[in-house]
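# Structure assessment
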Amino acid sequence: MPEDPLLPPPAHTPGLEDLHAGLHDVLRLIEIEHALLRGRLESLKADSEGARLLEGVMVLGAVLQQRMAGLLQICREIGRL
């Protein structure tokens, strides 16, 4: 019998905890990458093309961090983690 989508999920949703842990790992890797890029940016000349490109990559990384944080929150809410 299919589950009623209006009922709350079971106390333990198989795979959801693994998904949450995996997303958390990816978010941590993004944070490490961001820190490394920030260190590299400090060594570049502020007006160089490389610095501008690196700043753009860092902005994209920040957007990615926000999206990952949102996905983690969805996992927490769905699985009551």
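Our structure's up above, just so we're on the same page.
Residues numbered from 1 in each chain as written. Predicted model: local features only at pLDDT ≥ 70, side-chain atom pairs only at ≥ 80, totals over all residues. Heavy atoms only, no water.

## Side note on the overall build of the chain
Summing up its helical and strand segments, the chain has two helices and zero strands in all. Each of the 81 residues in the chain was classed as buried or not, and the buried ones make up 21%. The long-range share in the chain, meaning contacts at least 24 apart out of those at least 6 apart in sequence, stands at 66%. For the chain, the accessible area works out to roughly 6300 Å², and carbon and sulfur atoms hold 63% of it. (Helix = DSSP H or I, 4+ residues; strand = E, 2+ residues; numbered from the N terminus. Buried < 20%, exposed > 50% of the residue type's maximum accessible area, 1.4 Å probe, protein only. Contact = heavy atoms within 4.5 Å. Areas by Shrake-Rupley, 256 points an atom, 1.4 Å probe, with all protein chains shown as cover.)

## Here we look at the nonpolar core
Counting seven residues, the largest nonpolar core consists of Leu16, Leu23, Leu27, Ile30, Met68, Leu72 and Cys75. Elements with a minimum of two residues in this core: α1 (16-43) and α2 (49-79). At four residues, the largest contribution of residues to this core is made by α1. The contacts of Ile30, once residues within four sequence positions are left out, are Gly61, Leu64, Gln65 and Met68. (Core = buried A, V, L, I, M, F, W, Y, C linked by side-chain atoms within 4.5 Å.)

## Points about α1
For α1, spanning 28 residues, the distance from its first C-alpha to its last is 41 Å, which sits close to the expected 40 Å at 1.5 Å a residue. Listing the buried residues of α1 in full gives Leu16, His20, Leu23, Leu27, Ile30, His34, Leu37 and Leu41. As for α1, its buried residues are in contact with α2. (Expected span 1.5 Å × (residues − 1).)

## Some remarks on a nonpolar patch on the surface
Together, Leu29, Ile32 and Leu36 make up a nonpolar patch on the protein surface, roughly 310 Å² of accessible area in all. With respect to the element layout, Ile32 can be found in helix α1. (Patch = residues over 30% accessible without salt bridge, like charges linked within 9 Å, V, L, I, M, F, W, Y side chains within 5 Å. Salt bridge = Lys/Arg side-chain N within 4 Å of Asp/Glu carboxyl O.)

## Description of the pattern of salt bridges
By the definition in use, this model includes one salt bridge. The salt bridge involving Glu31 is made with Arg28; its shortest N-O contact spans 3.3 Å. Of this pair, Glu31 and Arg28 are both found in helix α1, three residues apart, which corresponds to roughly one turn of the helix. For Glu31, a relative accessible area of 32% corresponds to the partly exposed category.

## A few points about the environment of Ala62
Within the element layout of this structure, Ala62 appears in helix α2. In the structure, Ala62 is positioned 31 residues away from Glu31 in sequence and 8.7 Å away in space, judged by C-alpha atoms.

Limitation: the analysis is restricted to geometry and does not speak to function.
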